[in-house]
There are 2 protein chains.
Amino acid sequence: MKISQNIKVAVDAVVFGYQQKELSVLLIKRGVNPFKGSWALPGGLVLENESLEDAVERELREETGVTIDYLEQLYTFGTPGRDPRNRVVAVTYFGLVSPNHFKISANTDADEVQWFPIHKLPELAFDHATILDTGLKRLQNKINYQPIGFELLNNEFPFSDLENLYQTILNQKIDRRNFRKKILSFGILTETNKIHQPSSGRPAKLFKFNAQKYKELEESGFHFEIKFA
Amino acid sequence: MKISQNIKVAVDAVVFGYQQKELSVLLIKRGVNPFKGSWALPGGLVLENESLEDAVERELREETGVTIDYLEQLYTFGTPGRDPRNRVVAVTYFGLVSPNHFKISANTDADEVQWFPIHKLPELAFDHATILDTGLKRLQNKINYQPIGFELLNNEFPFSDLENLYQTILNQKIDRRNFRKKILSFGILTETNKIHQPSSGRPAKLFKFNAQKYKELEESGFHFEIKFA
DNA sequence: ACAAAAGTGTTGAGAATACACCCATGA
DNA sequence: TCATGGGTGTATTCTCAACACTTTTGT
């Protein structure tokens, strides 16, 4: 049974960053048709001998100059007609970028790539709005049971950053005392002896996520899990 | 930028069934090279104008004659070299089949399709062992926070079936009293007035999963979740 | 009467929640 | 001294875990 199939395979990435208490997504402005001039998720066709992960990383590098800190597969979108030219199956990825990699477009036209706060998104090309939404839901879910939030913070951070991050992503208030108690009880944060000087107010101790410790705990049956009132 | 890309897109399905206290997977015996004669997951190339879901359903129908009761996307495997012929990207699906759809191969050679208990698997073609494992993990995870277990049982079932199902899938003993209490407290089971006569022992009431009720509860913020000692 | 599976409650321990004031710093 | 954000403890409620005997039926 020989089937002549002419479907293209692409990768697209929903990449989140967090700065100044805002969650943002990395978008590029399309330079070619279709949807020329529209904003879209970074991505493109997979090369013949390239793994899917390599393809995403390459596209991100080429189109945005961003260094990605966390990457996992999100979902595959393949409905016929989602690309007006050919049939394109898009394997999408979910990425996180830490603030020190937040600077973008070292090697591309600065007009063509930009962080958009999640509440100020432009119209998106193709079905990218759906993809983005899928990515956001993944983030909102996963942050409750995997320590991925740390990827969106500096290596060393004051506790309030973590609080704010969760509040921003989940879009709800959380109890500061209970949250701190819970997170600290996990024993996956190391207290550094540095302190952070906020623009005003009392200085704060800086903490560090201890990935090594987390792995150990995980292997001995520990589950990171946060619930909110 | 024109890229000539010659990657094929396939779908494969990890389909689970549950009968006689055993969890089984649906496999087919390959009739063509490569891996002719090997067991493999049902699947095949996507047709030009067919959605991915349609493709899985078609392949399952054609190759196994099975009617699927639950289907969701699992993961996409695309490492170059996973198929020795062309580059093939496989979008894999995770399926569940209820006991009344357990009969297979109405329209295919009976030798070519078979349920294999999860602990008596043959060698599998391609990277299908990895895919199967991914599917099994999905099942083991998801059964804890989504009411998908019911898809593996008859429409009406005695409580012990549910207990055994969880024990089988999670491969651990669970406390009957606590389990029943927890599940019933959700209010997503309807007690029928039928009873089930076991081969020996006291007859049991039959229950039914109330999908309507579950949807309502879910919309009002309820989360199905089971934890075990 | 016995074997087999169904059905059923209570108690203690630990976790989640709700809640408000003092502290350290810079302006 | 004031404004700003950091840091901390307790009492109550709820949920989870541990645990064993009685009931109904067929043989």
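Given the structure is predicted, the values throughout are model-derived calculations rather than measurements.

Looking at the protein's contact with DNA strand C
- Around DNA strand C, a shell composed of 22 residues is seen, among which B:Ser160, B:Arg176, B:Arg180, B:Lys181 and B:Ser200 lie nearest.
- One nitrogen or oxygen atom from the side chain of A:Arg177 is found 3.2 Å from a base nitrogen belonging to DNA strand C.
- Here a base nitrogen of DNA strand C and a side-chain polar atom of A:Lys181 are 3.5 Å apart.
- The set of elements that each furnish at least two residues to the surface near DNA strand C consists of α4 (176-186) of chain A together with α4 (176-186) and β10 (204-209) of chain B.
- The residue makeup of the surface near DNA strand C, split by class, is 5 nonpolar, 5 polar and 12 charged.

Examining the pairing of strand β6 (residues 88-97) of chain B
Residues and elements named next belong to chain B.
- By the criterion of burial, β6 is predominantly enclosed, with 10 of the 10 residues buried.
- Side chains of β6 alternate between two faces, with Val88, Ala90, Thr92, Phe94 and Leu96 and Val89, Val91, Tyr93, Gly95 and Val97 buried alike.
- Of the pairings in the sheet, the one linking strand β1 (residues 8-19) to β6 comprises 10 bridges and is parallel in character. Residue pairing for β6: Val11 is matched across the bridge by Val91.
- The pairing of strand β5 (residues 70-77) with β6 spans 7 bridges and is classified as antiparallel.

Here's the deal with the protein's contact with DNA strand D
- In the neighbourhood of DNA strand D, 21 residues make up the surrounding shell, with A:Ser160, A:Arg176, A:Arg180, A:Gly201 and A:Arg202 lying closest.
- Protein-proximal atoms of DNA strand D, defined as those within 4 Å of the protein, fall in sugar or phosphate at a share of 44%.
- A distance of 3.5 Å is found between a base nitrogen of DNA strand D and a side-chain nitrogen or oxygen belonging to A:Arg177.
- In this structure, A:Arg180 approaches DNA strand D through a side-chain N or O atom, which is 2.7 Å from a phosphate oxygen.
- Those elements that place two or more of their residues in the surface near DNA strand D are α4 and β10 (204-209) of chain A together with α4 of chain B.
- Here the surface near DNA strand D is built from residues that sort into 5 nonpolar, 5 polar and 11 charged.

Concerning the sheet that holds strand β9 (residues 189-196) of chain B
All names here are of chain B.
- With antiparallel pairing, the 3 strands of this open sheet are ordered in space as β8-β10-β9. Two strands in the sheet have a free side with no partner beyond their single neighbour: β8 (156-158) and β9. When the angles between neighbouring strand axes are averaged without regard to direction, this sheet yields 40°.
- Across 5 bridges, the pairing between β9 and β10 is antiparallel. The residue bridging Ile195 from the neighbouring strand is Lys205, located in β10.
- In the packing of helix α3 (residues 159-170) onto the sheet, the strands contacted are β8, β9 and β10, and the crossing angle to β8 comes to about 80°.

Section: the domain arrangement of chain A
All names here are of chain A.
- Taken as a whole, chain A is organised into domain 1 (7-142) and domain 2 (157-220).
- For domain 1 and domain 2, the distance between their C-alpha centroids amounts to 29 Å.
- For the pair domain 1 and domain 2, the two sides together bury roughly 570 Å², of which 66% comes from carbon and sulfur.
- Of all residues in domain 1, Tyr18, Lys21 and Gln140 bury the most surface against domain 2, accounting for 71% of the area lost on that side.
- Our count for the contact surface shared by domain 1 and domain 2 stands at 2 residue pairs in polar contact (both at pLDDT 80 or more).
- Looking at the side of domain 1 that touches domain 2 residue by residue, the classes come out as 3 nonpolar, 1 polar and 2 charged.

Things to note about the pattern of salt bridges
- Across all of its chains, the model carries 24 salt bridges over all chains by this definition.
- Salt bridges linked by common partners bring A:Glu50, A:Arg58, A:Glu59 and A:Glu62 together as one network.

Observations concerning the interface of chain A and chain B
- Every contact between the two is made by 27 residues of chain A and, on the other side, 27 residues of chain B.
- When the two sides are added together, the surface that chain A and chain B hide from each other amounts to roughly 2,400 Å², 48% of it contributed by carbon and sulfur.
- On the surface where chain A and chain B come into contact, there are 0 salt bridges.
- Every element with two or more residues in the side of chain A that touches chain B is listed here: β1 (8-19), α1 (52-64), β5 (70-77) and β6 (88-97) of chain A.
- For the side of chain A that touches chain B, the element with the highest residue contribution is β5(A), accounting for 4 residues.
- In the side of chain A that touches chain B, the residues fall into 12 nonpolar, 8 polar and 7 charged.

Overview of the packing of aromatic side chains
- Per the counting criterion, the structure on display carries 33 aromatic pairs over all chains.
- A centroid spacing of 5.4 Å and a plane angle of 90° characterise the contact between A:Phe159 and A:Phe207, whose relative ring orientation is edge-to-face. Residue A:Phe159 is found in helix α3 (residues 159-170), and its partner A:Phe207 is found in strand β10; the two are separated by 48 residues along the sequence. Accessibility assignment for this pair places A:Phe159 and A:Phe207 in one class, buried.
- Ring centres of B:Phe179 and B:Phe228 lie 6.2 Å apart, and the angle between their planes is 25°; on these two criteria the pair is classed as stacked. Highlighted residues: B:Phe179 in helix α4 and B:Phe228 in the segment after α5 (211-219), separated in sequence by 49 residues.

About the cut-offs
- Residues numbered from 1 in each chain as written.
- Chains lettered and ligands numbered in written order.
- Predicted model: local features only at pLDDT ≥ 70, side-chain atom pairs only at ≥ 80, totals over all residues.
- Heavy atoms only, no water.
- Near = heavy atom within 4 Å.
- Polar contact = N/O pair within 3.5 Å; in protein donor to acceptor, adjacent residues only side chain to side chain.
- Helix = DSSP H or I, 4+ residues; strand = E, 2+ residues; numbered from the N terminus.
- Nonpolar A, V, L, I, M, F, W, Y, C, P; charged D, E, K, R; others polar.
- Buried < 20%, exposed > 50% of the residue type's maximum accessible area, 1.4 Å probe, protein only.
- Pairing = 2+ DSSP bridges.
- Axes fitted to C-alpha atoms, helices over the stretch in contact; angles between N-to-C directions.
- Contact = heavy atoms within 4.5 Å.
- Domains from an automatic or database assignment.
- Buried area = accessible area lost by both parts, 1.4 Å probe.
- Salt bridge = Lys/Arg side-chain N within 4 Å of Asp/Glu carboxyl O.
- Phe/Tyr/Trp six-rings, centres within 6.5 Å; stacked < 30°, edge-to-face > 60°.

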